[in-house]
Amino acid sequence: MKSRNYSAIYRIMHWSIAFCMTLMLITIFLRMTWMNKNNVALIMQDYLSTTNQSLSQDQLILLAKKIRKPMWDWHVYIGYALVGLYSIRLALPFFGHMKFSNPFTKGLVFKEKIQCWTYLVFYACVAISLITGLIIVLGPENSKKSMEDIHDLSIYYLLTFIVIHLATIFFSEFTNQQGLISRIISGSQKKN
């Protein structure tokens, strides 16, 4: 596989999308763990019991949701940023930048075909996540629950892709693509 340099547009898009997805993951993990509505409600209930006060479970859950709402608002804002970045990413090939590789191109070795398919599946999954996210926020109320069920699955493809992506980067860096990490940061291979 030949070594390539990465343009400034490519690097800006790559790192912008990576940054947004990292922030999205942080909000998801916070929501699933420390900021889980049940955990926050339990903390409030424990505190209120020391002051001889009480709230119903429904009230505690409602308060917990209000406490974590600013964090979840960031999830939505970052989602809007990702919609914009994704749209730009899809438009760039029409301007001669960041072309998508075709897995049916003749002469591709097996590894390159797998890489092409992986990215196509990833972009399809991102599209599904962004569309369902937009429907959850902006769509009709009666479709939100079904869209949330689909949208919640995003964590699985995203984590899988990140693991595969990082593993193949490090494998390539230490085998046949030395300087790959440098090129995706600086744009060109460092001279020895």
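Our subject is the structure that appears above.
Residues numbered from 1 in each chain as written. Predicted model: local features only at pLDDT ≥ 70, side-chain atom pairs only at ≥ 80, totals over all residues. Heavy atoms only, no water.

Draft legend 1. Geometry of the overall build of the protein. Looking only at helices and strands, the protein has seven helices and zero strands in total. Mapped from its N terminus to its C terminus, the protein presents α and β elements in the order α-α-α-α-α-α-α. For 192 residues, the compact-globule formula gives about 16 Å, and the C-alpha radius of gyration of the protein, at 21 Å, lies well above that figure. The principal-axis extents of the C-alpha atoms in the protein amount to approximately 70 × 40 × 30 Å. Looking at the 192 residues of the protein, the share that counts as buried comes to 32%. Pairs at least 24 apart in sequence give 62% of the contacts found in the protein among residues at least 6 apart. Total accessible area computed for the protein in this model is approximately 12,900 Å², and 68% of it derives from carbon and sulfur atoms. Side chains of the protein give 19 positive and 9 negative charges; the mean places of these two sets differ by 16 Å. (Helix = DSSP H or I, 4+ residues; strand = E, 2+ residues; numbered from the N terminus. Rg over C-alpha atoms; globule rule 2.2 N^0.38 Å. Buried < 20%, exposed > 50% of the residue type's maximum accessible area, 1.4 Å probe, protein only. Contact = heavy atoms within 4.5 Å. Areas by Shrake-Rupley, 256 points an atom, 1.4 Å probe, with all protein chains shown as cover. Lys, Arg positive; Asp, Glu negative; His and termini not counted. Charge placed at Lys NZ, Arg CZ, Asp CG, Glu CD.)

Draft legend 2. Region of interest: the packing of aromatic side chains. Scanning the model with the defined rule gives nine aromatic pairs in all. Relative to Tyr77, the ring of Trp74 lies with its centre 5.8 Å away and its plane at 85 degrees, an arrangement referred to as edge-to-face. Here Trp74 and its partner Tyr77 are both found in helix H3 (residues 57-91), three residues apart, which amounts to about one turn of the helix. Tyr77 gets classed as partly exposed once you look at its relative accessible area, which sits at 46%. Seen in terms of ring centroids, Tyr119 and Phe161 are 5.7 Å apart; in terms of plane orientation they differ by 70 degrees. Their pairing is edge-to-face. (Phe/Tyr/Trp six-rings, centres within 6.5 Å; stacked < 30°, edge-to-face > 60°.)

Draft legend 3. Here's a closer look at the environment of Phe110. Examined against the element boundaries, Phe110 turns out to sit in helix H4 (residues 110-138). Residue Phe110 is classed as exposed on the basis of its relative accessible area, which comes to 65%. Separated by 77 residues in the primary sequence, Phe110 and Thr33 have C-alpha atoms spaced 40 Å apart.

Draft legend 4. Looking closely at the nonpolar core. By size, the foremost hydrophobic cluster in this structure holds 27 residues, and its most contacted members are Met21, Leu82, Phe122 and Val126. Elements that contribute at least two residues to this core include exactly helix H1 (8-32), H3, H4, helix H6 (154-173) and helix H7 (180-186). Aside from chain neighbours lying at most four places away, what touches Val126 is Met21, Tyr86 and Tyr157. Within the second largest apolar cluster, seven residues are counted, among which are Val40, Ala41, Leu48 and Ile61. (Core = buried A, V, L, I, M, F, W, Y, C linked by side-chain atoms within 4.5 Å.)

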